[in-house]
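Residues per chain are reported as follows:
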Amino acid sequence: MDGGPSQLQQAQLAAFLGPDPASFETLISHLMSTSNEQRSHAESIFNLLRQTDPNSLVLKLAQLLSSSVHVEARAMAAILLRKQLTRDDSYIWPHLTESTRGAVKNTLLSALQNEESKSTIRKLCDTISELASSLIPENLWPEMLPFMFQCVTSTSPKLQESAFVMFSQLAQFIGETLSPYITDLHNVFLNVLNNSPNSDVKIAALSAVINFIQCLSSSSERDRFQDLLPSMMRTLTEALNSGQEATAQEALELLIELAGTEPRFLRRQIVDVVGSMLQIAEAENLEEGTRHLAIEFVITLAEARERAPGMMRKLPQFISRLFAILMTMLLDVDDDPAWHTAEIKDEDAGETSNYSIGQECLDRLAIALGGNTIVPVASEQLPVYFAAPEWQKHHAALIALAQIAEGCSKIMIKNLEQVVTMVLNSFQHPHPRVRWAAINAVGQLSTDLGPDLQVQYHLRVLPALASAMDDYPNPRVQAHAASAVLNFSENCTPEILAPYLDGIVHKLLLLLQNTKQMVQEGALTALASVADSSQEQFQKYYDSVMPYLKAILINASDKANRMLRAKALECISLVGMAVGKDKFRDDAKQVMEVLMSLQGSQMESDDPTTSYTLQAWARLCKCLGQDFLPYMSVVMPPLLQSAQLKPDVTITSAESDDEIDESDDESMETITLGDKRIGIKTSVLEEKATACNMLCCYADELKEGFYPWIDQVAPTLVPLLKFYFHEEVRRAAVSAMPDLLRSAKLAVEKGMAQGRNETYVKQLSDYIVPALVEALHKEPDTEICVSMLDSLNECLQISGQLLDESQVRSIVDEVKRVITVSSSRKRERAERAKAEDFDAEEGELLKEENEQEEEVFDQIGEILGTMIKTFKASFLPFFDELSPFLMPMWGKDKTPEERRISICIFDDVAEQCREAALKYYDTYLPFLLEACTDENPDVRQASVYGLGVCAEFGGAVFKPLVGEALSRLNLIIRQPNALQPENVMAYDNAVSALGKICLFHRGSIDSSQVLPAWLNCLPLKGDLIEAKVVHDQLCSMVERSDTEVLGPNNQHLPKVISIFAEVLCAGNELTTKHTASRMINLLRQLQQTLPPSVLASTFSLLQPQQQLALQSILSS
């Protein structure tokens, strides 16, 4: 059957395309209809027209655009034309005849000149820019740029503005193509910014300049626009002086964009620019919105670390002014009576937008500039606020201290005494809002300055919080004190908490009986955290705490108490985990019954109980282990449902006027991607993330017990490896992958897989491993990349030989890409370090970012190690491919960690591939020998371990290097502080390598010198793995009556016996059970064969406790 239109349809289509424009206009109006049926009918006709007669359709749209009297129809025609002319699936330009193309181009330009409606003009500009961006680079619209230059210089503000709007868009689409016109454009921009009386034209020109600056690739090209900056700033100040604040706000938003993307463009005039912005921020006669944007500009500059590192730190006078402005904003807080009622809905009562923006900006400023810049400013300004009589000033100082703590933590930790004293003195302030702010500061500082704060000041902080819990007239203060106990205990060891537990638990139980829900909730979260931090020490409070918790769980059933019940659930499960299975078992059953009934009831979508229930079940599973299996059939269905939730997403155009309405729903988060604005319901994402994390917990905890659920869980989680709406979901999916594989493998091995065999494990591995590799390829976040590599390595260890060659190939290709991308990130950072304002603080931050790259390479090393151990010599062709990526890592310009990892990879090749690896010795051994004297002990350890491996398996290839190897090992062993903790691992591995040379290359050494030297280094006590190998080797040599080890006339025997004695006295630390029993047998033989006098004199050289230990071992 032919897919074309039927005769009836053809007649209909002909009517729409006929000479009467009315029927086509009706069709277009139906496309905007609110009736779904009418709209979809119109859409299907429109699509048919597109397929069957694109020329007529486009001409009809052009005609409508230029001649319809209805503004909505003209606007819709512009939008529809743009869609047809956008280079995507619906691009129909190539299918149009030459005459249609010419007509469309002419109509668009004439329509622009004739149109009067501002919003239609904007849509026309969009359509023209879209088409021009495809045609200008190919020189297929030669009239376009002359037309734009003509508009820019015309006397019509409408045309001037339109041309600048289009220049703006073309700069984004095809900036490089416009660079030959830089000089002409520069003159046009300068003229308009300086002379145009029309503010709309100036804003359009400002936007065009800024887009242009962003599209130029070289700083020398950008610098040609430097002299426009004063005129650009004047656009802003003139708008403000003439009271056009809406225009000024548009200008500010454009300048903020410039500050974020090209901050160094502003550098030469930074003093004037930032000075003007701070003046705007200080001007009390301006609207708040305008002043907030000026502050946003300065903060954006401070945050532009990647593009202008250190620039703002060079302006301390401005930082001080900005800090003062933000402090003033924090004073904008009212003592609203609703705040004191401690109702959750009035939590922020009295706070203004000034107050919340001041808070947010202090936090961002401190994180962007760091403590060395911010702490001196704060030290100068905050004491004045602390000393002032007004409560608002005292309150502001405490809030500021809490806000800057994260960014200034390193410096504040050095001045803890001063900080803690300021905060704790405020606990006595007469105003409850100040006391609340002091508690708030303690909570924040516990998080940001922990664990130093906890270790040094628990004696002062915990009693202060405990007494704040007694502030019964002010439930807000009580509830906050309980919350601060949570922050304090999260960064705390059980030993620090122990002495305070009696008092704190007693007070929290009293707060649980309070009538205010906010206080009860605070007490529950604090109890949960205290139990979690004190672990088994919480057992003695269990019997008094649990009845209260169960009572809340059972009684708090109405809607108003949902959060209370959820928190009780959290608290019970954390207490259960802290005290352990035996103590919790009986109550656990009761709690699970409540959980099951909750699960059976219909919960509303915004009920917090859902997510808390998911977490509580998982904690109960961790506590009860395999005893939890009977409940899995209840837990899993709703959990899978939550993990499978679809994100609630709304997508609009980024420029559209119908913005997603955020005001009524705080749980909507918006992100802009390209020209789309995406709104996402965060509560859905959080529930999904929680569920995915819980699935991980079950698979990890229950091992083979989780087998029955794998077939449902794997298809749920594998696609989420690429769930870009929420990092937590991806992280959970990533860490679950090896757990699922392990569960399947164990179930098969233990015969619990309902008759399935290894083929099932292979199928699962074939599903998971390629998906992980593909997700890694697309992952934007470096930290998650590290987790993915880690998971991939675990999966490879589990799957082993089940991987086929094409999978190994894809992993190797991905490894190459990861190394390349990581190196290019490091190169970009090195470029940043060349910036003119780069300083020590930027250097610190850069170092931290580069440490993440080391983690990436560390995981690469692990993966390659696993592949080499799994596939041995058959992996070597891949290793050859990887060599060009790995060899540079041995360089002296690389970090010690990178050098260590690349040496370890070679060590693995030499150890696992033995003879097949001999061909690499010529290339790698010179590096290995050189690395033996590296200043970094970890690099030395990896290289001497490698020497030992090569000595063991290298045979004749290694023989010529024995002398060189001995002298390198000797340097390490004889180094004066060789046995210091940081050097002992390198020392032990050097001794082990020396032993292997003695064993495998005896003919190439002077054994009368080398063997006694080796014996003198034993026993090894640092690297416990090597210790077992070396002590076993010594045992074998003595069993063979190796005369060179025992020495002439057995003169080394006392040393051998004392080594055995020390090794045996250390239990199973320094030797395997097998070696230990061989050592004991040897000692017994010696007891029988040696003259008693020789034995007695040997024993007398041992330490007394070794003599006793040996006697008891030998007599038993």
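About the criteria used
Residues numbered from 1 in each chain as written. Predicted model: local features only at pLDDT ≥ 70, side-chain atom pairs only at ≥ 80, totals over all residues. Heavy atoms only, no water. Helix = DSSP H or I, 4+ residues; strand = E, 2+ residues; numbered from the N terminus. Buried < 20%, exposed > 50% of the residue type's maximum accessible area, 1.4 Å probe, protein only. Contact = heavy atoms within 4.5 Å. Areas by Shrake-Rupley, 256 points an atom, 1.4 Å probe, with all protein chains shown as cover. Lys, Arg positive; Asp, Glu negative; His and termini not counted. Charge placed at Lys NZ, Arg CZ, Asp CG, Glu CD. Disulfide = S-S within 2.5 Å. Phe/Tyr/Trp six-rings, centres within 6.5 Å; stacked < 30°, edge-to-face > 60°. Lys NZ or Arg CZ within 6 Å of the ring centre and 35° of its normal. Salt bridge = Lys/Arg side-chain N within 4 Å of Asp/Glu carboxyl O. Core = buried A, V, L, I, M, F, W, Y, C linked by side-chain atoms within 4.5 Å. Expected span 1.5 Å × (residues − 1). pLDDT = per-residue confidence, 0-100. Axes fitted to C-alpha atoms, helices over the stretch in contact; angles between N-to-C directions. Parallel < 35°, antiparallel > 145°, perpendicular 65-115°, else oblique. Left-handed = near helix turned anticlockwise from the far one by under 90°.

Q: What am I meant to see in the overall build of the chain here?
A: Each helix and strand counted, the chain has 55 helices and 3 strands in total. Expressed as a percentage of the 1116 residues in the chain, the buried residues total 55%. In the chain, the share of contacts with a sequence separation of at least 24, taken over all contacts with a separation of at least 6, comes to 72%. Split by element, the accessible area of the chain, about 48,400 Å² in all, is 51% carbon and sulfur. Positive and negative charge centroids in the chain, built from 95 and 150 side chains respectively, lie 4 Å apart.

Q: Even after reading the chapter, I still don't get the state of the cysteines, so can you show me in this structure?
A: Formally, a disulfide is one covalent bond, and it connects the sulfur atom of one cysteine to the sulfur atom of another. Here the structure, examined in full by the defined rule, presents 0 disulfides. Just so you know, Cys 623 is unpaired, no disulfide at all, and the nearest cysteine sulfur is the one on Cys 621, 9.7 Å from it. Residue Cys 623 is classed as buried on the basis of its relative accessible area of 11%. Between Cys 1065, a free cysteine, and Cys 1035, which holds the nearest cysteine sulfur, the sulfur-to-sulfur gap is 15 Å.

Q: I would appreciate a short explanation of the side chain of Ser 117 in the present structure.
A: Relative to the assigned elements, Ser 117 resides in the loop between helix H6 (98-114) and helix H7 (118-135). The exposure class of Ser 117 is buried, given its relative accessible area of 17%. When neighbours within four sequence positions are excluded, Ser 117 is seen to be in contact with Val 71 and Arg 74.

Q: Looking at this structure, how should I read the side chain of Thr 716?
A: Tracing the sequence through the fold places Thr 716 in helix H36 (residues 710-717). By relative accessible area, Thr 716 is classed as buried at 8%.

Q: Teacher, can you tell me more about the environment of Ile 411 here?
A: One can find Ile 411 in helix H22 (residues 409-414). With residues up to four places along the chain from it excluded, the contact list for Ile 411 reads Gly 371, Asn 372 and Val 375.

Q: Looking at this structure, I do not really get the packing of aromatic side chains. What am I missing?
A: The geometry of two aromatic rings is summed up by the distance between their centres and the angle between their planes. Counted under the stated rule, the structure contains 22 aromatic pairs. Note on Phe 212 and Phe 225: the rings are 5.9 Å apart at their centroids and 45° apart in plane angle, and the pair reads as tilted. You can see Phe 212 sitting in helix H11 (residues 199-215) and its partner Phe 225 sitting in the loop between helix H12 (219-223) and helix H13 (229-241), a full 13 residues away along the chain. On the accessibility criterion, Phe 212 (0% relative accessible area) is buried. Grouped by ring-pair contacts, the aromatic residues Phe 879, Trp 890, Phe 906, Tyr 920, Tyr 921, Tyr 924 and Phe 927 constitute a single cluster. One Lys or Arg, Lys 688, reaches over the ring of Phe 723 and ends 5.2 Å from the middle of that ring.

Q: What should I look at first to understand the pattern of salt bridges in this one?
A: Once the charged atoms of two side chains with opposite charge are near each other, the side chains can pair. Applying the stated criterion across every chain, the model contains 63 salt bridges. When the shortest N-O distance is used, the salt bridge between Glu 794 and Arg 742 registers 2.6 Å. Note that Glu 794 is positioned in helix H39 (residues 782-799) and Arg 742 in helix H37 (residues 727-749), a separation of 52 residues in sequence. Classification of Arg 742 as partly exposed rests on a relative accessible area of 25%. Close ionic contact of Glu 1062 with Lys 1021 constitutes a salt bridge, the shortest N to O distance being 2.6 Å. Of this pair, Glu 1062 sits in helix H52 (residues 1053-1065) while Lys 1021 is found in the loop between helix H49 (1007-1016) and helix H50 (1024-1039), placing the two residues 41 residues apart along the sequence. Take Lys 1021: its relative accessible area is 52%, and that puts it in the exposed class. Here the residues in one salt-bridge network are Glu 296, Glu 303, Glu 360 and Arg 364, joined through shared partners.

Q: So what exactly am I meant to see when it comes to unusual backbone geometry here?
A: Between Gly 450 and Pro 451 the backbone carries a cis peptide bond, its omega angle lying at -5°. Position of Pro 451 among the secondary structure elements: in the loop between helix H24 (432-448) and helix H25 (452-468). Across the junction of Leu 1018 and Pro 1019, the peptide omega takes the value 0°, indicating a cis bond. Of note, Pro 1019 is situated in the loop between H49 and H50. One non-glycine residue, Asn 139, lies in positive phi territory at about 60°. Along the polypeptide, Asn 139 turns up in the loop between H7 and helix H8 (144-152). Phi at Ser 1041 is positive, roughly 50°, even though this residue is not glycine.

Q: Explain the nonpolar core to me, please; I cannot follow it from the model alone.
A: The nonpolar side chains of a soluble globular protein tend to be buried with one another. Residues Met 232, Phe 628, Tyr 698, Phe 706 and Phe 875 are the most contacted members of the largest nonpolar core, which totals 401 residues. The contacts of Phe 706, once residues within four sequence positions are left out, are Met 632, Met 636, Leu 695, Tyr 698, Ala 699, Val 713, Leu 740 and Ser 743.

Q: How should I be thinking about the environment of Leu 315 in this particular structure?
A: By secondary structure assignment, the location of Leu 315 is in the loop between helix H16 (288-303) and helix H17 (316-330). Classification of Leu 315 by relative accessible area gives buried; the value is 6%. Separated by 45 residues in the primary sequence, Leu 315 and Ile 270 have C-alpha atoms spaced 9.1 Å apart. If near-sequence neighbours (up to four positions away) are discounted, Leu 315 is found in contact with Ile 270 and Val 271.

Q: Before we go on, may I ask you to explain H24 in this structure?
A: Think of an α-helix as turning once every 3.6 residues; residues three or four places apart then point the same way. For H24, which comprises 17 residues, the first-to-last C-alpha distance of 24 Å matches the rise-based estimate of 24 Å (1.5 Å per residue) to within 8%. The element H24 is largely enclosed, with a buried count of 15 among its 17 residues.

Q: How should the confidence of the model for the chain be read in this particular structure?
A: Detailed reading of the predicted model is not advised wherever pLDDT is low. With 97% of its residues at a pLDDT of 70 or more, the chain shows a mean pLDDT of 89. Summarising per-element confidence for the chain, the mean pLDDT is lowest in strand S1 (residues 649-653) (68) and highest in helix H21 (residues 391-404) (97). Every residue in residues 657-664 is under pLDDT 50, and counting partners more than four places away or in other chains gives 11 contacts.

Q: Would you mind going over the packing of helix H28 (residues 501-512) against helix H30 (residues 539-555) with me for this structure?
A: It is the contact of H28 with H30, at a shortest axis distance of 11 Å, that shows an interaxial angle of 15°. Classed by the angle they form, the pair H28 and H30 counts as roughly parallel. Both H28 and H30 take part in a crossing whose hand is left-handed. Mapping the contact onto sequence places Leu 501, Asp 502, Val 505, Leu 509 and Leu 512 in H28 and Lys 540, Tyr 541, Ser 544, Val 545, Tyr 548, Leu 549 and Ile 552 in H30.

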